[in-house]
Each structure stands twice: as structure tokens, then as C-alpha cells.
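Coordinate inspection notes
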Amino acid sequence: MTDINKESISVLNDLIETSKDGQEGFKTCAEDIKHPELKALFVKRSADCATAAAELQAAVRSLGGDPETSTSVAGDLHRRWVDVKSMFTGKDEEAVLNEAERGEDHALKAYREAMEKINKHNLEGIRDLVERQYHGVQRNHDQVKALRNQARAS
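Residues numbered from 1 in each chain as written. Predicted model: local features only at pLDDT ≥ 70, side-chain atom pairs only at ≥ 80, totals over all residues. Heavy atoms only, no water.

The name given to the chain in an unreviewed UniProt entry is Aldehyde dehydrogenase, with Pseudomonas frederiksbergensis as the source organism.

So this is what it looks like as C-alpha cells:
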């Protein structure tokens, strides 16, 4: 296996963890919220993250690697924090949206770091996939932030 493939697999596996974290995080948010439109949004976002993870896993396999299948320790800790925090805040929309935005901030950072590694190591084979997913994460982040700002204003 080439060094470029090894580096590409490492970058993709990090993003698989991030996507799995998002999948589980949005699922937790959907469970914690009563508002039907927000619940539907979080269910869709969870499914989008699952699709992203599956795409990344397929890319890892095509490079001859073993794809990551689990969430990160940090993601697990974040979800526990969301659960604990929501017990005290009564699971109100703004609190859940704050946590969703924090999760999206983490995902954006992970994708930015991945793009830096792709540029640094000239990993052209995975650039299009990662860039497309990065733009999706940015859209998700902006939408969650706008919804959080709406909830805060009301």
C-alpha cells in the first residue's frame, strides 16, 4: 500500500468517526426535542451523516483499507453531556440547538483539518468527496445556527 493511500485512509477514517458522531448526535437531538419540524430535521441530518459515513467507508475500501465503524470517544462524551445537560435544562429547543451547533462546529473543524492534510500531502483522489461533504457540513452548521438564533429570539 502506498504512503498516499495510507494517508488518505487515515484522513477518511477520521471523517468517518466525525460522521458517525454526527449521526448519533443528531439522533440524540431528535429524541430530546418535541417540536415536530426540528425533530424531522434532526432525523434527516442523522440519516445524512450515515450516508456520508457510508461514502467515506466505501472510499477507504477502494483504497485497500479497513474503514472505521465506530464513533469517537469525544463524540460519546459529548452525547453524554447533552443527555446530562438536557435533564437540567428541560430539553428546551434552544439548549438542544446549542448542542447541535457545537457538534457541527466540531465537524467543520474536522473537515477543515482533513482539507489541510489533503492539500499538504497532495491526496487528489479523495479531494472531491471530502470537499463536497465539507460544503454539506457548512450548510448544516449554518441552518442549525439560524434555527438556534430564532429559538433564542423567541
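Read on, since the account is not over.
So, about the nonpolar core. If you look at the biggest cluster of nonpolar residues, it comprises 21 residues, and the most contacted ones within it are V11, L12, L15, L56, Y111, I118 and V130. Elements that contribute at least two residues to this core include exactly α1 (3–32), α2 (36–62), α4 (93–121) and α5 (124–153). If one sorts the elements of this core by residue count, α4 sits on top with 7 residues. Once residues within four sequence positions are removed from consideration, Y111 is found in contact with L15, T18, S19, L56, V130, Q133, Y134 and V137. One finds I33, L38, V96 and A151 within the second-largest nonpolar core, a separate group that totals 13 residues. (Core = buried A, V, L, I, M, F, W, Y, C linked by side-chain atoms within 4.5 Å. Buried < 20%, exposed > 50% of the residue type's maximum accessible area, 1.4 Å probe, protein only. Helix = DSSP H or I, 4+ residues; strand = E, 2+ residues; numbered from the N terminus. Contact = heavy atoms within 4.5 Å.)

So, about the packing of α1 against α2. Where α1 contacts α2, the axes come no closer than 8 Å and their chain directions differ by 160°. What the angle tells us is that α1 and α2 run roughly antiparallel. At the point where α1 passes α2, the crossing takes the left-handed sense. (Axes fitted to C-alpha atoms, helices over the stretch in contact; angles between N-to-C directions. Parallel < 35°, antiparallel > 145°, perpendicular 65-115°, else oblique. Left-handed = near helix turned anticlockwise from the far one by under 90°.)

All right, on to the layout of surface pockets then. What the second largest pocket holds in volume is close to 170 Å³. Mapped onto the lining of the second largest pocket, the elements with two or more residues apiece are α1 and α4. (1 Å grid on protein atoms, 1.4 Å probe; cavity = no way out; pocket = protein on both sides within 12 Å on 5 of 7 lines; lining within 4 Å. Points joined across faces, edges and corners; volume = space filled by probe spheres on them.)

Below, the discussion takes up the side chain of R45. Position of R45 among the secondary structure elements: in helix α2. Once you skip the residues sitting within four places of it in the chain, R45 turns out to touch F26, N140 and Q143.

The next thing to look at is the packing of α2 against α4. Axis separation between α2 and α4 bottoms out at 13 Å; the angle between their running directions is 20°. As far as their axial angle goes, α4 and α2 are roughly parallel. Our pair here, α2 against α4, has a crossing hand that is left-handed. Judged by residue contacts, L38, F42 and L56 of α2 engage E93, V96, L97, A100 and Y111 from α4. Among the residues forming the contact of α2 with α4, the class breakdown is 7 nonpolar, no polar and 1 charged. (Nonpolar A, V, L, I, M, F, W, Y, C, P; charged D, E, K, R; others polar.)

In this section: the pattern of salt bridges. One pass over the full model with this rule turns up 10 salt bridges. One salt bridge in this structure joins R152 and E94, with 3.0 Å as the shortest N-O distance. Residue R152 is located in helix α5, and its partner E94 is located in helix α4; the two are separated by 58 residues in the primary sequence. For R152, a relative accessible area of 44% puts it in the partly exposed group. Its relative accessible area of 24% is what places E94 among the partly exposed residues. Notably, a salt bridge pairs R127 with E124, separated by 2.8 Å at the nearest N-O pair. (Salt bridge = Lys/Arg side-chain N within 4 Å of Asp/Glu carboxyl O.)

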